[in-house]
Amino acid sequence: MESRLLWLGLSVFFHVYASVSAQGTCKLKAKFNLNGYKNVEKKKVIIGGMFPVHMSIASHDGNTSRLPVSSGCEGMNFRTFRWTQTMLFAINEINNMDNLLPNTDLGYVIYDSCFTISKAVEGTLTYLTGQDEAVPNYRCGTGAPLAALVGAGGSDLSIATARILGLYHFPQVSYSSSCSALNSKFQFPTFLRTIPNDKHQSSAMAQLVLHFGWTWVGTIAADDDYGKYGIKDFKDQVEEAGVCISFSETLPKENSPEDIQRIVQTIVESTAMIVVVFSSDVDLSPLVLELINQNVTNRTWIASEAWITSALINQPGASSVLGGTIGFGVKRADIPGLQQHLLDLDPYADPLTEEFWETHFNCTLDYGKALRKAKEEANVFNKTMPKAGGLAVPAGLCTGSESLAQLKNTYSDISQLRITYSVYKAVYAVAHALHNLEHCESGRGPFIGIGCADITKFEPWQLMYYLKNVHFKVPHTNEEVYFTDGDVEGFYDVINWVVEGNGEIAYVTVGRYNGSADPADKLTIMNDSIVWNNQPFEPPRSVCSENCKPGTRKGIRQGEPVCCYDCIPCADGEISNMTNARKCVLCGGDHWSNDAHDTCVPKVIEFLAFGEPLGITLIVISAFGALVTFGVSVVFVVHVATPLVKANDALLSFSLLFSLMVTFLCSIVFLGEPQHWSCMTSQVALALGFALCLSSLLGKAALLMLRAQAMKAGRARAKAAAKAAKAAKAAAEAAANSGSPDVIMTNSTSFGDAAPRLKPDGLTFAHQRVIAAIATLIQAVACTVWLIVLPPYPVKNTSAQNIKIILECNEGSVVFICCIFAYDILLAVVAFIFAFLARKLEDHFSEAKCVTFGMLVFFIVWISFVPAYLSTRGKFMVAVQIFAILASSFGLLACIFLPKCYILLLKPERNTEEMMRPHDKTRDGTSTGTSASLATAATEVNATIASSNIED
């Protein structure tokens, strides 16, 4: 931006200055110090050229007390000097052609830009002026017209020159300025180039990075428009594709060892194995030297076309650092005759060639300079100068006949003619445009009013028309060249630096990039042909974080680039089936994640099946309980007429056994896959079975309680009668002993009234049956309403366990099932109370105690069942419920019927009417209780009284 404002300001200044100068006296303000080539004598058209033959301008002391002098240049660049000679070769070749400009000899004016903007501006102004002194806005030179400028080297230089040339509509054809900023025809209307636009190269680099899966790269750019625009376009494309930039550094334009060391340190500390460099070879060279010094060998470099084949970078020791580099080079070609031209230089032809010769052979062509240097060395080492033919021959003097072919360097190396070929095409583009202008058919020209332009006095804007529309084939290569908005097609070779056995680097083409092809076909890479730096046959990995495998997702780290992340396993029930998934996907209701969390699999269907070991066990236990119950029933049928069976209503005993058999067998219905019928049958059968069982026990317990109460009252009356009889006997004995005839005993007390009643007065077996029937009927009605209104039904429970679908029964209504089983509990509680109150009814066989213990077992089982049931899931809930049913049923069966079966089968002598009659004992051990004993006591009392009367 600063350079743009600078040149716009200069342009305005030149216009103002010119308008003032036109009215007053011209005064030369400065004289430029320019090196180059010029051949304008007797030439019809002049082509300008600008090449960065030197790498920088010479430093000056900054003294402002004397007349400023334009800085000179230093640091001969053999590669760019070859470009200069290529332009001269192309012009000579064109001048010798019969089919291209046959009647026109081309001249040239070529300046050295010294790879510096200021020198490029100096050359541009001098070129426009037409003489060594620059006079803005005026063409002061005479002779052949100027055609176009071929140059000016780097993008920064071309941007500076293009702004000035654009003001005067002078065409400019660049051979190496690839910056994408130059494609703006609004800012650079007369700029064209024979090198592809960097937007193609940035895209090619981005596709290369994506092709190898590199997501963590560093970038280095030159501090100029070429580097800044190129690396910006690259970043925009790769960041959009998910690639992150580890570091981004800028190479200093001036020598700065501190900055270079800082950049090297950044490279070493970064974990990025890939470094993308958009820079010229001149700017990159100091960094390469420092990398070699620090032996940084574990990086892979991605090179731009400006340095991929540069000998300035490919220097001794670079193979260990830059081996395996991949970069993009513009089209390569062989130019017949060029090498011979390069080797046939006359060292005395001009100062620029003389300097090249001296630098090339490390000698001097100046005899006096060589003599002075030899004397200085002789004085230092006290030596005598050699003489030849009476004349001293100083050491370091060039003979001028040295052979350029003997020294192999970048100047004479024509194996990688890429930018050189671009220079060649640029010269031919101008020549073909001139040819078309010269051979314009009269009356069919493109210009309004004049039709055709005159080759001897055309205007630059007229040639610009032909340059924009030129279309030709390059000699020797037959490549078609044409401009689309000033640019050529984006075609590159992908070049790999391969270290050969002798340690030297060979440039091997391993792919192509065609910017005009379809997106999928633009980049072609031969992966197997690439030789890498550390692992020759395996591409390096350059990632901030390793790829997240399926089953995990990316977890972005706070404050770090998106490429730096943690791989977080997917939660249960979620999966990711792709690499580097950003989120996990929740599985559907009937599916769950597998162990690897990369696939949704159907949930395990769970229910308590008949065939599994637990189901078989429960079936066996249930069947055993039913068989035992049936066996007890058989025993009771066989002994149905015995006192023990008849003691408390045999029918209730059989209903109780039937209900227990129902509860044993209904537990089997809980097994298997839930169906509509099984869901309704299981709970209803269980509720009704327990209702019948508990109702029967309630009837038994009620009778026992009333009998116990009656016996308690009878015992109280018997005890009172016994006391009265004892008192009467004592009185009779006292009267007899006294012999008093006046005492008369009257038997006014009825001892028979003191005997207890053996049966309760209000409750019979029929009442027991009615109680049992009504209690069961109430439960049956409730169950019927439940089945009609909100019946149970099978459901798939997906929420109880994540990895399973539990097939179970939905009870339909919690209120109904709670009421139904609460009713059973109520029956159990009442039966328990009645039995508990009658627990001391008998001594020989107490059925009330059996019922009491049976109900205690029932309560213990179901109280334990609640927490066990609530703490289990799935089929084990069903198993717990079945175990509770079986345990409570076995408890009732054992407590109530085991003692009876023991008497019936093992102690039949106790199965008598006498043993079944109630009796009790007083606290002092005397009997108080049966009807027979009470009758005997009354008889004894009457007899005593009678004997007393007789004696009297």
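Within each chain, residue numbers correspond to sequence positions counted from 1 in written order. Given that the model is predicted, a residue must reach a pLDDT of at least 70 before its local features are reported, and side-chain atom pairs must reach 80 or more before they are shown or counted; all residues, however, enter totals for whole chains, interfaces and linings. Working from all heavy atoms in the structure, the side-chain values ignore hydrogens and water.

K.L.:
Summarise the overall build of the protein; cite the residues concerned and give the values.
P.N.:
Of the regular secondary structure elements, the protein holds 24 helices and 29 strands. When accessible area is computed with a 1.4 Å probe and restricted to protein chains, residues below 20% of their type maximum are described as buried, those above 50% as exposed, and intermediate ones as partly exposed. For the protein, the residues scored as buried account for 50% of the 952 residues in total. By sequence separation, contacts in the protein at least 24 residues apart represent 71% of the contacts at least 6 residues apart. For the area figures, the Shrake-Rupley method with a 1.4 Å probe applies, and any residue is considered shielded solely by the protein chains shown. Total accessible area on the protein stands at roughly 45100 Å², and carbon and sulfur atoms take up 58% of it. Secondary structure elements follow DSSP: runs of H or I of four or more residues count as helices, runs of E of two or more count as strands, with numbering from the N terminus. By definition in these notes, contact holds between two residues if any of their heavy atoms fall within 4.5 Å.

K.L.:
Residue-level account of the confidence of the model for the protein, with values.
P.N.:
Taken as a whole, the protein shows an average pLDDT of 83; of its residues, 85% reach a score of 70 or greater. For every residue, the predictor assigns a confidence score, pLDDT, that lies between 0 and 100. Segment residues 921–952 is flagged for pLDDT under 50; beyond a separation of four residues in sequence, or across chains, it makes 32 contacts in the model.

K.L.:
How would you summarise the state of the cysteines if you had to cite specific residues and measurements?
P.N.:
Disulfide assignment relies on a single distance test, namely cysteine sulfur atoms paired within 2.5 Å. Counting across every chain of the model gives 9 disulfides. A disulfide bridge connects C548 with C567, and the sulfur atoms are separated by 2.1 Å. On the S-S bond that ties C548 to C567, the torsion sits near -95 degrees, and the link is left-handed. Pair noted here: C548 is in the loop between β20 (523–525) and β21 (552–556) and C567 is in strand β22 (residues 565–569), with a separation of 19 residues, a long-range link. The class for C548 is buried, based on a relative accessible area of 0%.

K.L.:
Can you lay out the environment of R553 for me, pointing to particular residues and giving the numbers?
P.N.:
Tracing the chain through its elements places R553 in strand β21. With 23 residues separating them along the chain, R553 and S576 place their C-alpha atoms 7.0 Å apart. Not counting the four nearest positions on each side in its chain, R553 is found in contact with C548, D566, C567, I568, A581, R582, K583 and C584.

K.L.:
Describe unusual backbone geometry, listing the residues and the values that go with them.
P.N.:
Following G151, the chain continues to A152 via a peptide bond in cis, the omega torsion being 20 degrees. Of note, A152 is situated in the loop between β6 (146–150) and α4 (155–167). Residue N478 is not a glycine yet carries a positive backbone phi of 60 degrees. The topology assignment puts N478 in the loop between β16 (471–473) and β17 (480–482).

K.L.:
Can you lay out the sheet that holds strand β27 (residues 604–606) for me, pointing to particular residues and giving the numbers?
P.N.:
Here 3 strands make up an open sheet; going across it, the order is β27-β29-β28 and the pairing mixed. Of all strands in the sheet, those bounded by a partner on one side alone are β27 and β28 (793–797). Averaged over all pairs of adjacent strands, the angle between their axes in this sheet comes to 25 degrees, without regard to strand direction. Only when DSSP finds a minimum of two bridges between them are two strands counted as paired. Axis definition: a line fitted to C-alpha atoms, over the contacting stretch in the case of helices. Angles run 0 to 180 degrees between N-to-C directions.

K.L.:
Can you lay out helix α17 (residues 650–669) for me, pointing to particular residues and giving the numbers?
P.N.:
Here a helix's expected span is defined as the number of its residues, less one, multiplied by 1.5 Å. Spanning 20 residues, α17 covers 29 Å between terminal C-alpha atoms, matching the ideal 28 Å at 1.5 Å per step. For α17, the set of buried residues is A650, L652, S653, S655, L656, L657, S659, L660, T663, F664, C666 and S667.

K.L.:
An account of the sheet that holds strand β2 (residues 45–51) is requested, with residue identities and associated values reported.
P.N.:
Spatially, β1-β5-β2-β6-β7-β8 is the arrangement adopted by the 6 strands of the open sheet, whose pairing is mixed. Among the strands making up the open sheet, the edge pair consists of β1 (36–39) and β8 (191–193). Mean inter-strand twist for the sheet, computed between neighbouring axes without regard to direction, equals 25 degrees. Sheet topology places β2 next to strand β5 (residues 106–112); 7 bridges connect them, and they run parallel. Of the residues in β5, the one forming a bridge with F51 is D112. Packed on one face of the sheet, helix α2 (residues 78–95) meets β1, β2, β5 and β6 and runs near 175 degrees to β5.

K.L.:
Help me get a handle on the side chain of S177, residues and values and all.
P.N.:
With respect to the helices and strands, S177 occurs in the loop between β7 (172–174) and β8. By relative accessible area, which is 0% here, S177 ends up buried. Nitrogen and oxygen atoms within 3.5 Å of one another constitute a polar contact, given that in protein one can donate a hydrogen and the other can accept it, and given that sequence-neighbouring residues count only through two side-chain atoms. Side-chain polar atoms of S177 contact the side chain of S158, separated by 2.4 Å. Once residues lying within four places of it in the same chain are set aside, the contact partners of S177 are G153, G154, S155, S158, L182, F191, R193 and I195.

K.L.:
Describe empty space enclosed by the protein, and please don't skip the residues or the numbers.
P.N.:
Here a cavity means grid points, on a 1 Å grid over the protein atoms only, where a 1.4 Å probe fits yet cannot get out; a pocket means an open set of points with protein on both sides within 12 Å along at least five of seven lines; lining residues are those with an atom within 4 Å of a point. Grid points are joined across faces, edges and corners, and a volume is the space filled by probe spheres set on the points. Applying the stated criterion across every chain, the model contains 2 cavities of 30 Å³ or more. By volume, the largest cavity is sized at about 150 Å³. What lines the largest cavity is a set of 15 residues, among which T194, K425, E479, V488 and E489 lie closest to the centre. Of all the elements in the fold, those that place two or more residues in the lining of the largest cavity are α13 (419–438) and β17. For the lining of the largest cavity, a count of residues per class yields 7 nonpolar, 2 polar and 6 charged. Gly is put with the polar residues, along with every residue not named as nonpolar or charged; the nonpolar set is Ala, Val, Leu, Ile, Met, Phe, Trp, Tyr, Cys and Pro, and the charged set is Asp, Glu, Lys and Arg.

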